[in-house]
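Chain and residue survey
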Amino acid sequence: MGLLRTEFCFLDRDTEPSVEEQTEAYGEVFAVFDDHKVVVRTLDAGADKPLPFLTDSQEPNPALGVRGFRTSRWAMGVLQRQLEAIAAAAEKHPATVHVMAPMIATADEARQFADLVSAAGLSTSGVMVEVPSAALRAGSIVEEVDFASIGTNDLTQYAMAADRMLGGLAELSDSWQPAVLQLVGMTAEQGAVAEKSVGVCGEAAGDPALAVVLVGLGVTSLSMAPRALPAVAEVLRSVSLQQARQIAVAVLAARDSQEAKTVARAQLPVLNDLGL
Ligand code: PEP
Ligand code: MG
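The following refers to the structure shown. (Residues numbered from 1 in each chain as written. Chains lettered and ligands numbered in written order. Predicted model: local features only at pLDDT ≥ 70, side-chain atom pairs only at ≥ 80, totals over all residues. Heavy atoms only, no water.)

Describing the coordination of the magnesium ion (ligand 2)
Within the protein, the atoms that donate to the magnesium ion (ligand 2) are E130 (OE) and D154 (OD), at distances of 2.1 to 2.2 Å. Here D154 lies in helix α6 (residues 152-160) and E130 lies in the loop between β4 (125-129) and α4 (132-136), a separation of 24 residues in the sequence. Accessibility assignment for this pair places E130 and D154 in one class, buried. (Donors = N, O, S within 2.8 Å, 3.2 Å for Na, K, Ca; no water. Helix = DSSP H or I, 4+ residues; strand = E, 2+ residues; numbered from the N terminus. Buried < 20%, exposed > 50% of the residue type's maximum accessible area, 1.4 Å probe, protein only.)

Next comes the structure, spelled out in structure tokens:
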């Protein structure tokens, strides 16, 4: 599935880049993808990714504040100009460009985003599922768009109420937490009913054992850093879909993340063979 985090184009900027500048930056990326698919995530400003021109540094709880798609509540033009630039860059390159919004919490937000995407002349819109409300209500949310992609980094943060920036909460900020995996499973199930694809684009997809669990939970695609690909592919190849589903069921029954990992490992001998 892939994930182009567009903040790269905005970081260290005190002002919004022009549409022309953005068009050029996105075009450079699209050129590398030739005629393949690129999933562009619209700006995810705020909390762990503050942008001076878009986020209020005085908010008492930035992770729960105006971040991601929510910035368009008062700065709609920034998102509209970004979509205009993505559309202009997509026109100039053969890549198949899909766009998705971060931090969608309600079906109304999903619809607003889909409307903005089609107004910009782009054909395929998606949402990130990284807020528990979106996982719980995924059915009504995916109805508004073409696909969903689960951001396990934030979904874990919000499901466990554990700040992803705090190393001291690492054991809570672990996507192996059965509560997080249950939300992933609910999202995938609702996506399947609606016949919409549900990928995972958080760090979890790059953990080979967890990738098996995600597939077993019904996730239809995984996006990861290139260095994680060989091990994930090898471990996925070692199991059938039926086995992955059984492992997912066993993992959901675990009482904590440690037990979830142990249960999955016990059914994946290939991990030891690969020294993982
Ligand atoms: C996520 O939250 O899992 C994600 C992919 O987005 P980011 O880490 O950029 O917030
Ligand atoms: Mg996120």
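Some points on the site of ligand 1
The immediate surroundings of ligand 1 are formed by 14 residues, with R5, K49, G151, N153 and R164 found nearest. Within the side chain of R5, a nitrogen or oxygen atom sits 2.8 Å from an oxygen atom of ligand 1. Coverage of ligand 1 by the protein amounts to 99% of the 290 Å² it exposes when considered alone. Looking at the shell around ligand 1 residue by residue, the classes come out as 3 nonpolar, 4 polar and 7 charged. (Near = heavy atom within 4 Å. Polar contact = N/O pair within 3.5 Å; in protein donor to acceptor, adjacent residues only side chain to side chain. Areas by Shrake-Rupley, 256 points an atom, 1.4 Å probe, with all protein chains shown as cover. Nonpolar A, V, L, I, M, F, W, Y, C, P; charged D, E, K, R; others polar.)

A few points about the pairing of strand β5 (residues 147-150)
The two faces of β5 match: F147 and S149 on one face and A148 and I150 on the other face are all buried. When β4 meets β5, the two strands line up parallel, connected through 4 bridges. Bridging from a neighbouring strand, V127 pairs with A148 of β5. Sheet topology note: the β5/strand β6 (residues 197-200) ladder contains 4 bridges and is parallel. Of the residues in β6, the one forming a bridge with F147 is S197. (Pairing = 2+ DSSP bridges.)

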